[in-house]
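Results of the structural survey
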4 protein chains.
Amino acid sequence: MVDENMIMLNIAPSSGIPIYKQIIDQVKRMIASGYLLPGDELPSVRNVASRFQVNPMTISKAYSLLEATGYLERQRGKGMLVSDKQGGEKEMDKRINILEPAIKELITQAKQLAIPKDKLKIIIEKYIEEKL
Amino acid sequence: MVDENMIMLNIAPSSGIPIYKQIIDQVKRMIASGYLLPGDELPSVRNVASRFQVNPMTISKAYSLLEATGYLERQRGKGMLVSDKQGGEKEMDKRINILEPAIKELITQAKQLAIPKDKLKIIIEKYIEEKL
Amino acid sequence: MVDENMIMLNIAPSSGIPIYKQIIDQVKRMIASGYLLPGDELPSVRNVASRFQVNPMTISKAYSLLEATGYLERQRGKGMLVSDKQGGEKEMDKRINILEPAIKELITQAKQLAIPKDKLKIIIEKYIEEKL
Amino acid sequence: MVDENMIMLNIAPSSGIPIYKQIIDQVKRMIASGYLLPGDELPSVRNVASRFQVNPMTISKAYSLLEATGYLERQRGKGMLVSDKQGGEKEMDKRINILEPAIKELITQAKQLAIPKDKLKIIIEKYIEEKL
DNA sequence: GTGGTCTAGACCACC
DNA sequence: GTGGTCTAGACCACA
C-alpha cells in the first residue's frame, strides 16, 4: 500500500505552490476518495523526503498539520496512520465541493482569455477522456 | 479607455494571492484575449492604487515586472502602454496553452478524489453554461 | 563561493544608475562570462544589503527582476541560484553582442567630438593594455 | 547649417537616457568639436520637436539648461545661438577628457564579460574604421 | 536561516 | 500630471 501511495504523491517543486501544501492537499483528497482508508500507514518522513529530494522538515510539517486537523494520527514508533475518527471516504457531493475552487479558477481564466463555451467544452472533454 | 480597463481589473486583497500578482495575471490575460491592444494605455499607478486602497508601490511593482517581461512599455513622463513588440491578441491555440495548467490541475484533483469521468463532465458543462 | 561573488559585485551608490540596475547588469555579465555557473548560489539578500549598506528591498528587487527574466531561480526557503534553463556561459559572439551598445555609444561620442581615427585607436589601445 | 545640425542630432527615445539629456550631451560635443561655432543658430524648439515626435517642452528644457550653463544664448525673436562667451572649439586633450567615461564604461563591461584583450582590440578597430 | 509582501512617506526625473 | 527609487520597519511563508 505504501508503495502505491508513493505513486500517487506528486511533488512539483517549481510550481509556486509550497511543497508542504501540495502534500496536504493530496493526502486530503486521497482520504476523501477512499483511496486511503482509516488505519492505513503513510510512508515515513524520511522515505518521502529522499524520494522527492526534499528537506525532511518540510514533510514533517505537512504531517503535523494533517495531524492537527484530525486527518492523521501519530503512533509512537510506528509512524503516521490515517485517523479512524474522521469520516473516511466521503460521499460524492462532498468530494465535488472540494473540487469546486479548481473549477471556478478555470472558468475565471477562460473568461478573461475570451475562450468560447463550445471550444472550452471540447478541450475539457478531451482531457477528461485521456487523462482522468 | 482607462475607465473600461478599470472595470475589468479586480483585486481580491484577502485571496492569498499577492496583489501585484493578481494584476500581472489579469493584464496578461487581457492582452492575450485582445481586450487590451498594443498601444493601449493602462490606468496610472496612482489611479489604480487609490481605487483599490493599496500602496502605489504595489501597483508599480506589477507594472515593472510586466515591463521586464515585455508585456508593457514605459512612456517616460506619460505612463505605461501595451507593448507592440509582442504580438497582441493571440490566436486561440496560444490562449489555450495559457489555460492548460489550470485544466491539468483540475484533472489531477479529480483523479485523486476518484470522481468518475461522466460525473465530472456533467459538472463542468453546468459551470461553463452558467458562469462562462 | 559566496565570498568570491561578493568580491565581484561592486556598487557605486552615487553613479546615477539605480543600485538595483547595477546589480542586474553585473549579474547578467557574470553569467554570460561563465564566472557564475548554472546552479551557483547567489549571496543572500540580507548579506548584500548589509555589505553595501542598502535596504534589503533594493537587492530583493534586483533578484526578483532577474528571476522574472529567467536568469535566476528561487529555491524556496533557501536562496537564489543561477538558472540552468538559460545556457550559462555564452560563446564569445554572444558576449560581444552584449558589449556592442557600449562600443556604439563610444563611436557616436567620438564622432561628435571630431576625434580622428588614429587618435582614438591609440587611446583605446592604451586603456585596453592598462585596465583590461 | 540648421539642416546639417539636424542630421547630427540623434534621439533614441527607448534608450533609457532621458531625451533632454541626449540633446544636451550632443550639443555640448558638437560645440567642443567645433562643429557648432559661436554665433551659429540652433534649430527651433518646434522644428526639433516635430522632427523627433517629442514634446516641445522637452526640447525647451534642454535648451534652457544649455543656456543656464553658458553654452547657448537666447536672442529674442531669433531663437538660440551658440554663445560667444564660452571658448568654442576645444583642444584635443579636452575633448578626450569628455570621451573618457565612455571608454571606462566599455572597459569595465569587457572585463566582466571576460573578453580577451586581443579580441577587443580587433573589434574596436573594425568599428572605428567602419563607423567613425 | 532564506525570500516575499506591503505600507507610509520622502524625494527625484521626466513630459 | 506620469513613473521610479529608496528607506525603515512590520509581518508572513518556507525549508
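Residues numbered from 1 in each chain as written. Chains lettered and ligands numbered in written order. Predicted model: local features only at pLDDT ≥ 70, side-chain atom pairs only at ≥ 80, totals over all residues. Heavy atoms only, no water.

1. As for the relation of the copies chain C and chain B
The two chain copies are related to each other by a rotation about an axis together with a translation along it. To keep it simple, the criterion reads: Copy-to-copy superposition: least squares on the C-alpha atoms, limited to residues that have pLDDT of at least 70 in both copies. Residue contacts are counted whenever heavy atoms from the two residues lie within 4.5 Å of one another.
With an RMSD of 0.2 Å, chain C superimposes on chain B once it is rotated by 179° and translated 0.1 Å along the axis. With respect to symmetry, the two chain copies, as superposed, fit the operation of a two-fold axis. For chain C, the smallest separation between a C-alpha atom and the rotation axis is recorded for Thr69(C), amounting to 3.1 Å. Most of the interface of chain C is mirrored in chain B, where 100% of its interface residues are also at the interface.

2. Comments concerning the protein's contact with DNA strand F
This is how the line gets drawn: Only heavy atoms are used to decide nearness, and a residue is near a molecule or strand if one of them lies within 4 Å of it. Whenever a nitrogen or oxygen atom comes within 3.5 Å of another N or O atom, the pair is scored as a polar contact, on the condition that within protein one atom can donate a hydrogen and the other can accept it, and that pairs from neighbouring residues in sequence are kept only if both atoms are in side chains. In this description a helix means any DSSP run of H or I spanning at least four residues, a strand means any run of E spanning at least two, and both kinds are numbered starting from the N terminus.
Neighbouring residues of DNA strand F: 24 residues in total, closest Pro18(A), Arg46(B), Met57(B), Ile19(C) and Asn55(C). Expressed as a percentage, the sugar and phosphate content of the atoms of DNA strand F within 4 Å of the protein is 68%. The side chain of Arg74(B) places a nitrogen or oxygen atom 3.4 Å from a phosphate oxygen of DNA strand F. Arg76(C) is positioned with one of its side-chain polar atoms (N or O) 3.2 Å from a phosphate oxygen of DNA strand F. At the level of elements, helix 2 (19–32) of chain A, helix 3 (45–51) and helix 4 (56–68) of chain B together with helix 2 (19–32) and helix 4 (56–68) of chain C are the ones that each hand at least two residues to the surface near DNA strand F. Among the elements that make up the surface near DNA strand F, the one with the highest residue count is helix 4 of chain C (three residues).

3. Some thoughts on helix 3 (residues 45–52) of chain A
All names here are of chain A. Counted only if it meets this: Accessibility here uses a 1.4 Å probe with only protein chains present; expressed as a share of the type maximum, an area under 20% marks a residue as buried, one over 50% as exposed, and anything in between as partly exposed. Think of it as the arc spanned by the lines of direction from the helix axis to the C-beta atoms.
By the burial criterion, the buried members of helix 3 are Val48, Ala49 and Phe52. Down the axis of helix 3, the smallest arc covering the buried residues is 100°, so these residues share one side. Helix 3 presents Arg46 and Ser50 as exposed residues on the side facing more than 90 degrees away from its buried surface. Following helix 3 by one or two positions, Gln53 adopts a phi angle in the positive range, close to 55°.

4. What to know about the interface of chain C and chain D
Our working rule: As a working definition, buried area equals the accessible area (1.4 Å probe) given up by two parts on being put together, with both sides summed. In the sections that follow, a salt bridge refers to a side-chain nitrogen of Lys or Arg positioned within 4 Å of a carboxyl oxygen of Asp or Glu.
Across the boundary between the two partners, chain C contributes 38 residues, which contact 37 residues of chain D. Where chain C abuts chain D, roughly 4400 Å² becomes buried across the two surfaces, and 71% of that area is made up of carbon and sulfur atoms. It is Gln112(C), Leu113(C) and Leu132(C) in chain C that bury the most area against chain D; as a group they hold 18% of the surface buried on that side. There are four salt bridges connecting chain C and chain D. Across the pair Glu129(D) and Lys117(C) runs a salt bridge, and its minimum N-O distance is 3.6 Å.

5. Observations concerning the side chain of Ser33(A)
For Ser33(A), the position within the fold is in the loop between helix 2 and helix 3. A distance of 3.1 Å separates a polar side-chain atom of Ser33(A) from the backbone oxygen of Met30(A).

6. Considerations on the protein's contact with DNA strand E
Selection rule: In this classification, Asp, Glu, Lys and Arg are treated as charged, Ala, Val, Leu, Ile, Met, Phe, Trp, Tyr, Cys and Pro as nonpolar, and every other residue, Gly included, as polar.
In the vicinity of DNA strand E, 25 residues are found, and the nearest of them are Ile19(B), Asn55(B), Lys78(C), Pro18(D) and Tyr20(D). Here a phosphate oxygen of DNA strand E and a side-chain polar atom of Tyr20(B) are 2.7 Å apart. Between Lys78(C) and DNA strand E, the recorded distance is 3.2 Å, taken from a backbone N or O atom to a sugar or linking oxygen. At the level of secondary structure, the elements contributing two or more residues to the surface near DNA strand E comprise helix 2 (19–32) and helix 4 of chain B, helix 3 (45–51) and helix 4 of chain C together with helix 2 (19–32) of chain D. When grouped by side-chain class, the residues that make up the surface near DNA strand E number ten nonpolar, ten polar and five charged.

7. What about the relation of the copies chain C and chain D?
Screw-axis analysis of chain C against chain D gives a translation of 0.4 Å along the axis, an RMSD of 0.9 Å, and a rotation angle of 176°. Of the residues that chain C buries at the interface, 97% are likewise interface residues in chain D, meaning the two copies contact each other through the same surface.

8. Points about the confidence of the model for chain A
Residues and elements named next belong to chain A. The line we're drawing: On a range of 0 to 100, pLDDT expresses the predictor's confidence in each residue.
Per-residue pLDDT for chain A has a mean of 85; in total, 91% of the residues score no lower than 70. Within chain A, the lowest mean pLDDT, 51, falls on helix 1 (residues 2–8), and the highest, 94, falls on helix 6 (residues 117–131). Every residue in residues 1–5 scores below 50 in pLDDT, and together they form eight contacts with partners more than four places removed in sequence or on other chains.

9. A closer look at the packing of aromatic side chains
Using the following cut-off: Working definition: rings of Phe, Tyr and Trp (its six-membered ring) pair if their centres are within 6.5 Å, and the pair is stacked with planes under 30 degrees apart, edge-to-face with planes over 60 apart, and tilted otherwise. The criterion for a charge sitting over a ring is simple: Lys NZ or Arg CZ within 6 Å of the ring centre, and within 35 degrees of the ring normal.
Applying the stated rule across the entire model yields zero aromatic pairs over all chains. Just above the ring of Tyr20(B) sits the side chain of Lys61(B); from NZ or CZ to the centre is 4.4 Å.

10. Some remarks on the nonpolar core
Rules: Throughout this description, the term nonpolar core refers to a set of buried Ala, Val, Leu, Ile, Met, Phe, Trp, Tyr and Cys residues connected via side-chain atoms within 4.5 Å.
The biggest cluster of nonpolar side chains holds 45 residues, and the ones touching the most others in it are Val27(B), Tyr63(B), Leu72(B), Ile23(C), Val27(C), Tyr63(C) and Leu72(C). Looking at this core, the elements that each hand over two or more residues are helix 2, helix 3, helix 4 and strand 2 (79–82) of chain B together with helix 2, helix 3, helix 4 and strand 2 (79–82) of chain C. A per-element tally of this core places helix 2 of chain C first, with six residues. If near-sequence neighbours (up to four positions away) are discounted, Leu72(C) is found in contact with Val27(C), Ile31(C), Leu42(C), Tyr63(C), Leu66(C), Glu67(C), Met80(C), Leu81(C), Val82(C) and Ser83(C).

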